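Results of the structural survey
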Amino acid sequence: MGLDLGERRVGVAVSDELGWTAQGIAVIHRDDSSSWLDQLDELVHQYQIKAIVIGLPRNMDGSIGPRGEACKQMAEVLQNRYHLPVHLWDERLSTAAVERTLIEADVSRKKRKKVIDQMAASWILQGYLDAQGGRMHV
């Protein structure tokens, strides 16, 4: 399972059973409560997730800022919650790349807003899967 953790929304993607391709499946609206985690629980169970990949936002110089630190903390929370391996994956420019793709496809701003987080999660997960050689179902 790939996650693009935003302050207000979480994009979610999963791989196919062979671990070759990623596809976006949901956007979970995140608020101050932990109810968004209940929705994530359902997806982890439904898709029988074996590992989680979280996009780690880095600055262009490679350093980790406040958003990256928050993602690292959430990785620890999810690892304790699900007792699954949780991997952090460099997500630099993933949202920008997805937005560029959607603009080139002439997708309206309103429609882009609805799918960009889900597509960013797919981008993150696909990068991880490609680096692993498609060896796992996440």
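Residues numbered from 1 in each chain as written. Predicted model: local features only at pLDDT ≥ 70, side-chain atom pairs only at ≥ 80, totals over all residues. Heavy atoms only, no water.

As for the overall build of the protein chain
Just so we agree on the cut-off: What counts as a helix is a DSSP run of H or I of at least four residues, what counts as a strand is a run of E of at least two, and both are numbered from the N terminus. Think of it in three bands: with a 1.4 Å probe and only protein chains considered, a residue is buried below 20% of the maximum accessible area for its type, exposed above 50%, and partly exposed in between. Residue contacts are defined here by distance: any two heavy atoms, one from each residue, within 4.5 Å place the two residues in contact.
The secondary structure content of the protein chain amounts to four helices and five strands. When the elements of the protein chain are put in sequence order from the N terminus, they spell out β-β-β-α-β-α-β-α-α. When burial is assessed residue by residue, the protein chain has 42% of its 138 residues classed as buried. For the protein chain, restricting intrachain contacts to residue pairs at least 6 apart in sequence, the fraction spanning at least 24 positions comes to 64%.

As for the nonpolar core
This is how the line gets drawn: Think of a nonpolar core as a cluster: buried Ala, Val, Leu, Ile, Met, Phe, Trp, Tyr and Cys residues, connected wherever their side-chain atoms sit within 4.5 Å.
Ranked by internal contacts, the top residues of the largest apolar core, which has 24 residues, are M1, L3, V12, L40, I52, I54 and L78. Excluding anything up to four places from it in sequence, I52 contacts M1, L3, Y82, L84, P85, V86 and H87. Within the second largest apolar cluster, eight residues are counted, among which are V53, A121, I124 and L129.

Quick word on the pairing of strand 2 (residues 9-15)
The line we're drawing: Pairing between two strands is assigned when DSSP locates at least 2 bridges connecting them.
Among the seven residues of strand 2, seven are classified as buried, and the element is accordingly described as predominantly covered. Residues R9, G11, A13 and S15 point to one face of strand 2 and V10, V12 and V14 to the other, with burial holding for every one of them. Examined bridge by bridge, strand 1 (residues 2-5) and strand 2 share four bridges and lie antiparallel to one another. Following the sheet pairing, L3 is matched in strand 2 by V12. Linking strand 1 to strand 2, which pair antiparallel, is a turn of three residues.

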